Amino acid sequence: MKVINIVGARPNFMKIAPVMEAYRAHPSIVPLLLHTGQHYDEAMSKLFFDELEIPRPDINLEVGSASHAAQTAAIMQAFEPVVMEHKPDAVLVVGDVNSTIACGLVAVKLGAKLIHVEAGLRSFDRTMPEEVNRVLTDAISDFLFCTEQSGVDNLAKEGVDAGKVHLVGNVMIDTLMRHRAKADESPMLKRLKLKPREFAVLTLHRPANVDDPAIFSGILDALEEVQKQMPVIFPIHPRSRKGLVSSGLDKRVAAMKNLQVLYPLGYLDFLKLMSEAKLVLTDSGGIQEETTILKVPCVTLRENTERPITVECGANTVVGRDPKAILSACSAILKGSARDIRTPPLWDGHAAERIVEIIARAFA
Ligand code: UD1
């Protein structure tokens, strides 16, 4: 059985790493790895392959950045001849990025089975490009692997045959557990002169937060106050850096003495920072999950989350973008006692093994 596994953007790399490893226990499966090239910078791509020991991609489409339609179309056009040449039995996609839907669509039209890892998550906000990618990918998938029960329930409501849906846990957490000890050796705290639990970590990259200067500026209002209470470390996504520079908000950020902007970090350094932080502020999906396992309170700067289990387990507070709400959530964490944060079912480091086992059995 031949499976082409797709990665494209940064959050895909930590999801595919344990899946590629799990194939090793199943010699009947021949896995190929394809990188679409949606992310291409050293810090956004290559570093993760090295640190997470992901095999070098067998195929690289090198599509790069473009508008949604142009990028999705470029991936589809480049992927179609690959599927025609290799004739895979299945194509495995992860997450919700443009590479996910682009490759999924090509695969099913050429008769390959489509496997979606991280299926069923819904923010119910169709203005998010990822939500559109999720809904469409799930609608055409043959195997839908869910990280949490809400995913299974959402798919049932959308009429997806229950026989295709499997609750298996979270491959991103497999990677976190595998690399926790190594990350612990990262010199990040020393290098930045930080003390455990005496700093906050911030990430921002959603178009809804960083492409609109009025919204970005409101978030900075809150950060201005938070950084007076403790240092805030901000490894910045290229999209957000662009947003800051083009709006002139970079000068405001530079004036905040206790807000430290860094280039995008590698996986191990970032994991170290998150695990030792007092709190994490983010608009990322994956970081809501990682903080849940690390038992670090997370303040989500979005109006909704497609990962409600992170709220139910006590790690995540979804506050939106109102500066007052952001500030009051942060103050509550800074002043409050330690939270009781629970671990979601099946987030045990073995999700990828379950996935590959199910695939192997289905194609035996
Ligand atoms: C993409 C995903 C998003 C994911 C995020 C993680 C989609 C629709 N969005 O958003 O779900 O959470 O990745 O990072 O697929 N850029 C670089 N270097 C790179 C890659 C991008 O400088 O290696 C810059 C380019 O200017 C590009 C911009 O970042 O235009 C945005 O990149 P893009 O891949 O379009 O979307 P992300 O915002 O990264």
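Residues numbered from 1 in each chain as written. Predicted model: local features only at pLDDT ≥ 70, side-chain atom pairs only at ≥ 80, totals over all residues. Heavy atoms only, no water.

(A) Representation of the side chain of Ser240. Its place among the elements puts Ser240 in helix H11 (residues 238-247). The residues contacting Ser240, other than those within four sequence positions of it, are Leu204, His205, Val210 and Phe216. (Helix = DSSP H or I, 4+ residues; strand = E, 2+ residues; numbered from the N terminus. Contact = heavy atoms within 4.5 Å.)

(B) Quick look at the sheet that holds strand E2 (residues 30-35). Spatial ordering of the open sheet is given by E3-E2-E1-E4-E5-E6-E7, a layout of 7 strands whose pairing is parallel. What marks the edges here is a single partner per strand, and that holds for strand E3 (59-60) and strand E7 (165-167). Bridge analysis of strand E1 (residues 2-7) against E2 gives 6 bridges, and the strand direction is parallel. The residue of E2 that forms the bridge with Val7 is His35. (Pairing = 2+ DSSP bridges.)

(C) Representation of the pairing of strand E6 (residues 143-146). With burial as the criterion, each face of E6 is covered, one bearing Phe143 and Phe145 and the other bearing Leu144 and Cys146. Following the chain from strand E5 (residues 113-117) across helix H5 (residues 129-140) to the adjacent parallel E6, one finds a crossover that is right-handed. Crossover E6 to E7 through helix H6 (residues 149-157) is right-handed. (Buried < 20%, exposed > 50% of the residue type's maximum accessible area, 1.4 Å probe, protein only. Right-handed = clockwise from strand over helix to strand, strands pointing away.)

(D) Geometry of the sheet that holds strand E13 (residues 316-318). Strand order in the open sheet formed by 6 strands is E10-E9-E8-E11-E12-E13, with parallel pairing between adjacent strands. Taken across any chain shown, the strands that pair with only one partner, and hence form the sheet edges, are strand E10 (259-262) and E13. Geometrically, the sheet is characterised by an average inter-axis angle of 20° between neighbouring strands, direction not taken into account. Direction of pairing for strand E8 (residues 200-203) relative to strand E9 (residues 232-235): parallel, over a ladder of 2 bridges. (Axes fitted to C-alpha atoms, helices over the stretch in contact; angles between N-to-C directions.)

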